[in-house]
Amino acid sequence: LSGENTWTSTVGLKVTTGPDAGFLGTTDTTLLGVAANYQRVILDDPGSKTSLSVGCGYYHAGAAYSMNSGSTIVGDFGQGGVGGTLGVSEELSLGKGIGLRLDARFRVADFGKLSSDNIKQNGIPVPGGPYILTTNELGGYPIVTLIPSSVPPPPGYRYTDLDYTGLNGNLSLVIDL
């Protein structure tokens, strides 16, 4: 079993001039995951060990959203789903029960419709939820906005896709006790 917490930096847009001056929007995203993994040693030499792994688990993506354009709107959005991993690792012996391990793992976890029932405008709950994160453009730049889930996105809007598919690497020290 493995657990994972991935945090990415805050993404935002601030408009300082023109008709949209004063607009500020930010999104702060995270990924939590729990997976069951199967690992098989494919090469076991005296000084090294090579393994392949495959895993399947539940992942939950979250996005803390904030927008200020005359009033402040905030909400915590999320979506869960099943994802998978495929990995390879190499463990090198450094002598007397100590080793160095290098892992590379490819993960598939994509979330295309993050929703929230808890939206506040200037600290007051907003009725009509749940709401969905969408992406549009403001002055040629992509911005994240929200719409009620009961209506389709207007022309030019699309559901915000939070894609955590990618390659992870890990270097660790192994101590056999």
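Residues numbered from 1 in each chain as written. Predicted model: local features only at pLDDT ≥ 70, side-chain atom pairs only at ≥ 80, totals over all residues. Heavy atoms only, no water.

Now for the pairing of strand β12 (residues 141-148). Here strand β11 (residues 131-138) pairs with β12 via 8 bridges, running antiparallel. Of the residues in β12, the one forming a bridge with T135 is V144. The turn linking β11 back onto β12 is made up of 2 residues, and G139 within it adopts a positive phi angle of 60 degrees. (Pairing = 2+ DSSP bridges. Helix = DSSP H or I, 4+ residues; strand = E, 2+ residues; numbered from the N terminus.)

Attention now goes to a nonpolar patch on the surface. Together, L92, L94, I98, L100, L102, L171, L173, I175 and L177 make up a nonpolar patch on the protein surface, roughly 960 Å² of accessible area in all. Among the elements of the structure, β5 (72-95), β6 (98-108) and β15 (166-175) are those that each provide at least two residues to the nonpolar patch. Within the secondary structure, L171 is located in strand β15. Its relative accessible area of 59% is what places L171 among the exposed residues. (Patch = residues over 30% accessible without salt bridge, like charges linked within 9 Å, V, L, I, M, F, W, Y side chains within 5 Å. Areas by Shrake-Rupley, 256 points an atom, 1.4 Å probe, with all protein chains shown as cover. Salt bridge = Lys/Arg side-chain N within 4 Å of Asp/Glu carboxyl O. Buried < 20%, exposed > 50% of the residue type's maximum accessible area, 1.4 Å probe, protein only.)

Under the defined criterion, the tally for this structure stands at 1 aromatic pair. Ring centres of Y65 and F77 lie 6.1 Å apart, and the angle between their planes is 90 degrees; on these two criteria the pair is classed as edge-to-face. One end of the pair, Y65, is in strand β4 (residues 48-68); the other, F77, is in strand β5, and 12 residues separate them in sequence. There is no split in this pair, since Y65 and F77 are both buried. (Phe/Tyr/Trp six-rings, centres within 6.5 Å; stacked < 30°, edge-to-face > 60°.)

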